[in-house]
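# Structural characterization, general
Here are the chains, one letter per residue:
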Amino acid sequence: MAKIRFGQNAYVEEAYGLPMVNLENWYIEEAGDRPDWSARLVPSPGLVAFSTGSTEGRGCFQSDAIASGEIVVVYDTVVKRVASNGAETTITGAVTDDSKPIAFALSQTQAVINSGGDVYTATGSTITDFTANLVAAGASGEIIDVAVVNNRHLFAEDNSGRVFYSDAGAATTIGGFFTAERDPDQIKALLVVGSNLLAMGSRKTEVWTGTDSATVPFIQRQGMVFEYGVLGSRARTQIGGGAYWAAHDNTIRRWAGGVAERISSHWLERQIASLSAANKALVRLTSHSWLGHQFVSVFMPGKGSYFYDALTGAWHRRKDIGAEVPTWGYDYFVEAFGSSYVMALTTGRLYRLDAAVFIEGTAIVRRVTTGLMPVSKTIRIDSLIVEGQSGIGLPSVGTQGYDPLCMLKLARNGHVFDDEYERKIGKAGEYNWRPVFGPLGSVRAPLVKVELAYTDPVGWTVYGATVNEDAR
């Protein structure tokens, strides 16, 4: 009997033509109940429609001090607030729309939005443009990112090494600027981790910290310069005390107070390296927490959205259904009202993440995983049994998922798949049921690839598969 461990890490290879390993709309967690497998694949959370939405979604945030704690969302030029029941209220004013994600910076009492090179204060009732204040202070380029340290708002100017800062507690009163010192290059992004400010340039990243001085409010931390710049102004995120960014050397880096650790794999770096210069500037990182996991999403134009799990160190992919669709139609996560939400990119509609739902709004989700089985000599596969959670069919007769199905394909040469086989996963309460495929014919050295998929709206967790086990 042989075991097949399905992909516990996505692997996409174009440069060398190696077999691709899918982990799509599934992520891994440790399996304390099955020491024989050690890990299992868990479905990514479903999405339940929450707000109304409008047009292109460009970002969202929440602050207890702004808009009575409601979520603030941005659609093209329109800014709205979303209440705990999903009702939307338009905030007076508008922002510049460049069809790119907004940035925002929240202090204890103020919210600043950065959109289309301009900056705005946001309250629960009004959006106010104060870009002219930065121009009066000497800024000549667009503002491309914002942050907050010590209750001072910071503004990164494009095509310069300058970061302007406000007076404490007064976002629109510009107190001065500082510049990158060790290797002056263009500041492209700002990121705050604890009391540290990462000033990210095109080639290097410097760590700064705030002071109690009114004349020198920021100083660079001695020796804290990383040889890794950032690809673009939205290619950075922060979660769990760690900074994450897509570096100019095509790696994904994490910093939590020590070295700038590389967390990307070679396949992902080759995906980033293959992007055009224009698309590299559009690489986007976002993050969110979910059931004890901290996920960092890396969006690459035309390549898709890949998620890094800070708990397990594994990567998985999320995407919409359809082989011709490379990307996932959601991004920009926010926590509010005791739940987590994500924005639909085309409509701006917020969806609530739900562990008990396995569709996205009204759309079904296709979950795919592949496993590689080395073969040293020709063998005949009489049975392939999928080991997964049994008895998960929905209880309502006649609904999709009442008698859920899974699909299996074999690539006997590791690349080209045969026709698809279909088996039942099992109805609710059928705890002794296991999907059994076979006989599947003979396979030869050196490698066989197995793909498992399902689309029924059930929470099927999978451990792996066994080959030629007695199915009785």
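So, how was this worked out
- Residues numbered from 1 in each chain as written.
- Predicted model: local features only at pLDDT ≥ 70, side-chain atom pairs only at ≥ 80, totals over all residues.
- Heavy atoms only, no water.
- Helix = DSSP H or I, 4+ residues; strand = E, 2+ residues; numbered from the N terminus.
- Contact = heavy atoms within 4.5 Å.
- Pairing = 2+ DSSP bridges.
- Axes fitted to C-alpha atoms, helices over the stretch in contact; angles between N-to-C directions.
- Phe/Tyr/Trp six-rings, centres within 6.5 Å; stacked < 30°, edge-to-face > 60°.
- Buried < 20%, exposed > 50% of the residue type's maximum accessible area, 1.4 Å probe, protein only.
- Lys NZ or Arg CZ within 6 Å of the ring centre and 35° of its normal.
- 1 Å grid on protein atoms, 1.4 Å probe; cavity = no way out; pocket = protein on both sides within 12 Å on 5 of 7 lines; lining within 4 Å.
- Points joined across faces, edges and corners; volume = space filled by probe spheres on them.
- Nonpolar A, V, L, I, M, F, W, Y, C, P; charged D, E, K, R; others polar.
- Lys, Arg positive; Asp, Glu negative; His and termini not counted.
- Salt bridge = Lys/Arg side-chain N within 4 Å of Asp/Glu carboxyl O.

## Considering the environment of Tyr330
Within the secondary structure, Tyr330 is located in strand β30 (residues 330-336). Distance in space between the C-alpha atoms of Tyr330 and Met343 is 5.5 Å, their sequence separation being 13 residues. With sequence-adjacent residues up to four places away left out, Tyr330 is seen in contact with Leu47, Asp320, Val342, Met343, Ala344, Leu345, Tyr351 and Glu360.

## Side note on unusual backbone geometry
Of note, the amide linkage connecting Gly438 to Pro439 takes the cis form, showing an omega dihedral of 0 degrees. With respect to the element layout, Pro439 can be found in the loop between β38 (436-437) and β39 (441-443). Note the cis peptide between Ala445 and Pro446, where omega equals 10 degrees. Relative to the helices and strands, Pro446 resides in the loop between β39 and β40 (447-454). Phi at Ser38 takes a positive value of approximately 75 degrees, unusual for a residue other than glycine. With a phi angle near 55 degrees, Phe337 is a residue other than glycine that sits in the positive phi range. Relative to the assigned elements, Phe337 resides in the loop between β30 and β31 (339-344).

## What to know about the sheet that holds strand β8 (residues 78-82)
With antiparallel pairing, the four strands of this open sheet are ordered in space as β6-β7-β8-β9. The two strands at the open ends of the sheet, each matched to only one other strand, are β6 (57-62) and β9 (88-90). Averaged over all adjacent pairs, the angle separating strand axes in this sheet is 25 degrees, with direction ignored.

## What about the packing of aromatic side chains?
Inspection of the entire model under this criterion finds 22 aromatic pairs. Between Phe164 and Phe177, the ring centres sit 5.2 Å apart and the planes meet at 50 degrees, which makes this aromatic pair tilted. One end of the pair, Phe164, is in strand β16 (residues 162-167); the other, Phe177, is in strand β17 (residues 170-179), with 13 residues separating them in the sequence. What makes Phe164 buried here is its relative accessible area of 0%. Through a chain of ring-to-ring contacts, the aromatic side chains of Phe307, Trp328, Tyr330, Phe333 and Tyr351 assemble into a single cluster. For the cation-ring pair, Arg34 lies above Tyr463, with the distance from its terminal atom to the ring centre recorded as 4.8 Å. Directly above the ring of Trp328 sits Arg318, whose terminal nitrogen or CZ lies 5.8 Å from the centroid.

## Structural notes on the layout of surface pockets
Space inside the largest pocket adds up to approximately 1000 Å³. Listing elements by their share of the lining of the largest pocket, those giving two or more residues are β6, β10 (103-106), β14 (143-149), β18 (187-193), β22 (236-239), β26 (284-290), β30 and β31. Considering each element in turn, the lining of the largest pocket owes the most residues, six residues, to β26. Looking at side-chain class alone, the lining of the largest pocket contains 20 nonpolar, 10 polar and five charged residues. Considering only enclosed or pocket space, the second largest pocket measures out at about 620 Å³ in volume. Residue lining of the second largest pocket: 30 residues in total, with Lys100, Ser233, Arg234, Ala281 and Leu282 positioned closest to the centre. Contributions of two or more residues to the lining of the second largest pocket are made by β6, β11 (111-115), β14 and β18. A breakdown of the residues in the lining of the second largest pocket according to their chemical character gives 11 nonpolar, 10 polar and nine charged.

## Quick word on the sheet that holds β22
The pairing of strands in a sheet happens through backbone hydrogen bonds and is either parallel or antiparallel. The four strands are arranged β22-β23-β24-β25 in an open sheet whose pairing can be described as antiparallel. In this open sheet, the two edge strands, each paired with only one partner strand, are β22 and β25 (261-262).

## Some details on helix α2 (residues 266-273)
Those residues of α2 not exposed but buried are Trp267, Leu268, Glu269, Gln271 and Ile272. Lining the buried residues of α2 we find β24 (252-255), β25, α3 (277-280), β27 (293-300), β28 (304-309) and β29 (315-318).

## Some words on the pairing of strand β32 (residues 350-354)
Of all five residues that make up β32, four are buried, and the element is covered over most of its length. With four bridges connecting them, strand β5 (residues 46-49) and β32 associate as antiparallel partners. Counterpart to Val48 in the pairing with β32 is Arg352. Inspection of the sheet shows β31 paired to β32 by three bridges, in the antiparallel sense. Paired with Met343 across the strands is Leu350, a residue of β32.

## Quick word on the side chain of Asp76
By secondary structure assignment, the location of Asp76 is in the loop between β7 (71-75) and β8. The buried charged residue Asp76 lacks any salt bridge partner; its closest oppositely charged side chain belongs to Arg58, at an N-O distance of 6.9 Å. Contact partners of Asp76, with chain neighbours within four places excluded, come to Thr55, Glu56, Arg58, Val95 and Asp97.

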